[in-house]
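Fold and contact review
Listed here are the chains, written in short residue letters.
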There are 2 protein chains.
Amino acid sequence: MKFYDCTTAPSPRRVRIFLAEKGISIPTAQVDLRNGEQFSDAFRAINPDCTVPALQLDDGTVIGDAIAICQYLEELHPEPPLIGSTPQERAVVAALNRGIERDGFFAAMDVLRNTTAGLKGRALPGPHDYEQIPDLAERGRKRLEHFLRDLDRRLSGRAFVAGDRYTMADISALIVMDFASRLKLAVPEEYTNLRRWYAAVSARPSAKA
Amino acid sequence: MKFYDCTTAPSPRRVRIFLAEKGISIPTAQVDLRNGEQFSDAFRAINPDCTVPALQLDDGTVIGDAIAICQYLEELHPEPPLIGSTPQERAVVAALNRGIERDGFFAAMDVLRNTTAGLKGRALPGPHDYEQIPDLAERGRKRLEHFLRDLDRRLSGRAFVAGDRYTMADISALIVMDFASRLKLAVPEEYTNLRRWYAAVSARPSAKA
């Protein structure tokens, strides 16, 4: 197995934290996104989508998506469960995770990719070029504000996003929070549930991954 | 179990086709999206996200996401496998499905929600209101054109999206194709792989769901 990573990018960090929580290590190759290594012929041959993370299995098969990689690793290494131990737990965490991705992660990506000067003409990852849309960055900020408020409410009376257990949904939410902070989006003082949860998940050794 | 559906919406149709392929039937309630029933207090109590599909389990738990619902149903009814029978198959199909959703489904949603007069101020599903962004609709059309071309290439030498087996990735791709046709996006004549595949998947009885 070989894990294609980029230490500065938020998407593969989801997998790195997942691996750290599981206590698994996989031979890793860094892909230099800042210098366009994802568009090299060598990397295109591995992942035609030109994105990381990607996990190459021993038979050559490539899984080119962070969540699919985590689901695969959970099946191979069920303990500790970061998705769930029953079909119902897995479905609940998958749905929560997808909501966080849609309302938080994609919103943050919209802000970053539609405002960063170095990403002009590259407003979406992948092999195709798209121009930046300033209104989309502005919408992304509003969405992130809603996301923080909704997450604070969800965390009222819950230790973690899914309840009393740390899961993949916490990993995704942590990534969004750190992304939002990079985008200079402040977390209002009154979001006390969110602040308590964030302090707890950031203090876990895996958060350094 | 109770399935919350809306027969005119593309997202719950993914679950309906999945159920038809599995030969499962679940008690179903229609949510009248055109008349705003998703924002009623009664439905908010079921799914605060104000979206369909949603699957309510017998203990009251609600899974409010199409793909999480399909993963749950696959675990309860493994045959015929529409995701996969091994961790590797499941991961490959999940990754393909997510790519189709990102590059096709969300692109089509961007076109629909940012151009439809009746969706002014409602450019995203969910409980929050966002204004339409005309440039995003235009980008969505370009993305859909790329999606069709990429899918045609992928289907060269493959009966189905994942290979020789019909999977959830075919369901998602079929939904995008029908969505694109509703948006008056023509499939170029020369995309012969895509046309062959589309004829085959649309002819399955499940496509009527």
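If you're wondering where the values come from, they're calculated on a predicted model, not measured in any experiment. (Residues numbered from 1 in each chain as written. Chains lettered and ligands numbered in written order. Predicted model: local features only at pLDDT ≥ 70, side-chain atom pairs only at ≥ 80, totals over all residues.)

**As for the overall build of chain A**
How we decide: In this text, helices come from DSSP runs of H or I with a minimum length of four residues, and strands from runs of E with a minimum of two, each type numbered from the N-terminal end. In this description the radius of gyration comes from C-alpha coordinates, and the expected globular size is given by 2.2 Å times residues to the power 0.38. What counts as a contact is two residues whose backbone-derived C-beta atoms lie within 7 Å of each other.
The helix and strand inventory of chain A stands at seven helices and four strands. Across chain A, helices and strands are ordered from the amino to the carboxyl terminus as β-α-β-α-β-β-α-α-α-α-α. For 209 residues, the compact-globule estimate of 2.2 N^0.38 gives 17 Å, and chain A sits close to it at 17 Å. Based on the C-alpha atoms only, the size of chain A along its principal axes is roughly 50 × 45 × 25 Å. Here the contacts in chain A between residues at least 6 apart in sequence split such that 64% fall between residues at least 24 apart.

**Things to note about the sheet that holds strand 2 (residues 28-30) of chain B**
All names here are of chain B. Definition in use: When DSSP finds at least two bridges between two strands, those strands are taken to pair.
The strand order 2-1-3-4 describes an open sheet built from four strands, whose pairing is mixed. Because the sheet does not close on itself, it has two edges, and the strands there are strand 2 and strand 4 (62-63). Of the pairings in the sheet, the one linking strand 1 (residues 2-5) to strand 2 comprises three bridges and is parallel in character. Residue pairing in the sheet places Asp5 in a bridge with Gln30 of strand 2.

**Brief notes about the domain arrangement of chain A**
Residue and element names in this part refer to chain A. What counts, and what does not: Start and end positions for the domains come from either an automated domain assignment or a database one. All residues other than Ala, Val, Leu, Ile, Met, Phe, Trp, Tyr, Cys, Pro, Asp, Glu, Lys and Arg, Gly among them, are scored as polar; the first ten of these are nonpolar and the last four charged.
Domain boundaries assigned for chain A yield domain 1 (2-76) and domain 2 (87-208). Between domain 1 and domain 2, the residue contacts involve 13 residues of the former and 12 residues of the latter. Of all the elements in the fold, those that place two or more residues in the side of domain 1 that touches domain 2 are helix 1 (10-22) and helix 3 (66-76). If one sorts the elements of the side of domain 1 that touches domain 2 by residue count, helix 1 sits on top with seven residues. Here the side of domain 1 that touches domain 2 is built from residues that sort into eight nonpolar, one polar and four charged.

**Comments concerning the nonpolar core**
Going by this rule: Here a nonpolar core is just a set of buried residues of the types Ala, Val, Leu, Ile, Met, Phe, Trp, Tyr and Cys, joined wherever their C-beta atoms sit within 7 Å. Neighbour counting defines burial: a residue surrounded by 20 or more other C-beta atoms within 10 Å of its own C-beta is buried, one with 12 or fewer is exposed, and intermediate counts give partly exposed, using backbone-placed C-beta atoms.
By size, the foremost hydrophobic cluster in this structure holds 111 residues, and its most contacted members are Val176 of chain A together with Val176 of chain B. When residues of this core are assigned to their parent elements, the largest contribution, 12 residues, is made by helix 4 (residues 87-115) of chain B. Excluding anything up to four places from it in sequence, Val176 of chain B contacts Ile100, Gly104, Phe105, Ala108 and Phe147 of chain B.

**Re the interface of chain B and chain A**
The interface is formed by 29 residues belonging to chain B together with 29 residues belonging to chain A. Elements with a contribution of two residues or more to the side of chain B that touches chain A: helix 3 (66-76), helix 4 and helix 5 (134-154) of chain B. Residues belonging to the side of chain B that touches chain A are distributed by class as follows: 14 nonpolar, seven polar and eight charged.

**Considering the packing of helix 4 (residues 87-115) of chain A against helix 3 of chain B**
The condition is simple: The axes are straight lines fitted to the C-alpha atoms, using for helices just the contacting stretch, and the angles between their N-to-C directions are given from 0 to 180°. Convention used here: angles under 35 degrees read as roughly parallel, angles over 145 as roughly antiparallel, angles from 65 to 115 as roughly perpendicular, and any remaining angle as oblique. Put simply, a crossing is left-handed when the front helix is turned counterclockwise from the back one by less than a right angle, and right-handed when it is turned clockwise.
Two numbers describe how helix 4 of chain A lies on helix 3 of chain B: the axes approach to 8 Å, and their chain directions differ by 165°. Judged by the inter-axis angle, helix 4 of chain A sits roughly antiparallel to helix 3 of chain B. Both helix 4 of chain A and helix 3 of chain B take part in a crossing whose hand is right-handed. For the pair formed by helix 4 of chain A and helix 3 of chain B, the contact residues are Pro87, Arg90, Ala91, Ala94, Ala95 and Arg98 of chain A on the first element and Ile67, Ala68, Gln71, Tyr72, Glu75 and Leu76 of chain B on the second.

**Here's the deal with the packing of helix 1 of chain A against helix 6 (residues 168-182) of chain A**
Working note: a packed helix pair is described by the angle between its axes plus the distance between those axes. All names here are of chain A. The contact between helix 1 and helix 6 brings their axes to 10 Å, and the two run at 140°. Overall, the two elements helix 1 and helix 6 adopt an arrangement that is oblique. When the axes of helix 1 and helix 6 are compared, the crossing they make is right-handed. In this structure, helix 1 contributes Pro10, Arg13, Arg14, Ile17 and Phe18 to the contact, and helix 6 contributes Met168, Ile171, Ser172, Ile175 and Phe179.

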